[in-house]
Amino acid sequence: EGVPVVPCRTNKEVPKEKMFDVMREIKYTIKEAELKEVPSIFDQFITPNFPEDEIKPLEVMEMLVAGGYYKILYLEVEGKKSGIACLNLYPEGRSYLLDYLAIDASCRAKGYGSIFLKACKSFLAGKPMLIETEAIFASENNEEKQQRIRRNQFYERNGATMTNAVIRMFGV
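Everything quoted here is computed from the prediction, not taken from an experiment.

Novice: Any chance you could explain the pairing of strand β4 (residues 80-89) here in plain terms?
Specialist: Two faces, one strand: in a regular strand the side chains alternate between the faces of the sheet. Most of β4 sits out of view: seven of its 10 residues are buried. Where strand β3 (residues 70-77) and β4 come together, eight bridges link them in antiparallel fashion. Across the sheet, the residue bridging to Y74 is I84, located in β4. Between β3 and the antiparallel strand that follows it, β4, lie two residues; E78 among them carries a positive phi value of about 50°. Here β4 runs beside strand β5 (residues 96-103); their pairing, made up of seven bridges, is antiparallel. Looking at β5, one finds that L89 is bridged to Y96. Two successive antiparallel strands, β4 and β5, enclose a turn made up of six residues, where G93 displays a positive phi of approximately 75°.

Given below as structure tokens:
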């Protein structure tokens, strides 16, 4: 049914004006989405947060979930879906690939993404999670470059190790 509600605090350094939001106790649960929830999660989190050319078709996601090759976890805070993580199980079953991670815009910069990413590990049955991000050097402009740098810093702050591996797939 989900991970029990756990009070959590983040130790992330933030500007003083945001300190109250980040340091308050956050009571949350992490649940695995059922197949019937995939369309609403897709509409709420995937389409508004990712470029169209990087989005798997809804039908493919549903097929992968139904086949047991894809987990969609969601973060629920105060009864509201506040974030999602989509994890693709590699065919050999040895690891997961974080396909999408999105936090609702109203919940960003409050530590929810860090809490969620760390809590997702309890659903992976001890398997490692691989995270791919876009190459910084391939940015088309400074704004995109800065976004990619921030994204990589977020994952590194949360325990990811950067590798020098570069894979070019689907024009990304």
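Here the narrative resumes, following the displayed structure.
Novice: I would appreciate a short explanation of the side chain of K71 in the present structure.
Specialist: Inspection of the secondary structure assignment puts K71 in strand β3. According to the relative accessible area criterion, K71 is buried, its value standing at 17%. Here E32 takes part through its side chain, which lies 3.4 Å from a polar atom of the side chain of K71. When residues no more than four places from it in sequence are discounted, the contact partners of K71 are E32, A85, C86, L87, Y96 and F123.

Novice: Help me out: how do you make sense of the environment of M129 in this one?
Specialist: Within the secondary structure, M129 sits in strand β6 (residues 129-131). In sequence terms M129 and L97 are 32 residues apart; their C-alpha atoms lie 5.6 Å from each other. If sequence neighbours within four positions are ignored, M129 has contacts with L87, Y96, L98, L117 and L124.

Novice: I tried to follow the state of the cysteines on my own but got confused; where do I start?
Specialist: In a disulfide, the sulfur atoms of two cysteines are held together by a covalent bond. Overall, the coordinates contain zero disulfides when judged by the stated rule. C86 takes part in no disulfide bond, and the closest cysteine sulfur to it belongs to C120, at a distance of 9.9 Å. Relative accessible area serves as the criterion here: at 0%, C86 is assigned to the buried category.

Each value, and the rule that gives it
- All residue numbers refer to position in the chain's written sequence, counted from 1.
- Only residues with pLDDT of at least 70 are given local features in this predicted model, and only at 80 or more are side-chain atom pairs given and counted; all residues enter the totals for whole chains, interfaces and linings.
- Side-chain descriptors were evaluated using all non-hydrogen atoms of the structure, hydrogens and water having been removed beforehand.
- The classification of residues rests on relative accessible area computed with a 1.4 Å probe and restricted to protein chains. Under 20% of the type maximum is buried, over 50% is exposed, and intermediate values are partly exposed.
- Segments assigned H or I by DSSP are reported as helices when at least four residues long, segments assigned E as strands when at least two residues long, and all are numbered from the N terminus.
- Pairs of strands are assigned from DSSP output, requiring at least two bridges between the strands.
- Polar contact is the term for a pair of N or O atoms within 3.5 Å; when the atoms are in protein, one must be able to donate a hydrogen and the other to accept it, and sequence-neighboring residues count only if both atoms are side-chain atoms.
- Any two residues whose heavy atoms approach within 4.5 Å at even a single point are treated as in contact.
- Any two cysteine sulfur atoms within 2.5 Å of one another count as a disulfide.

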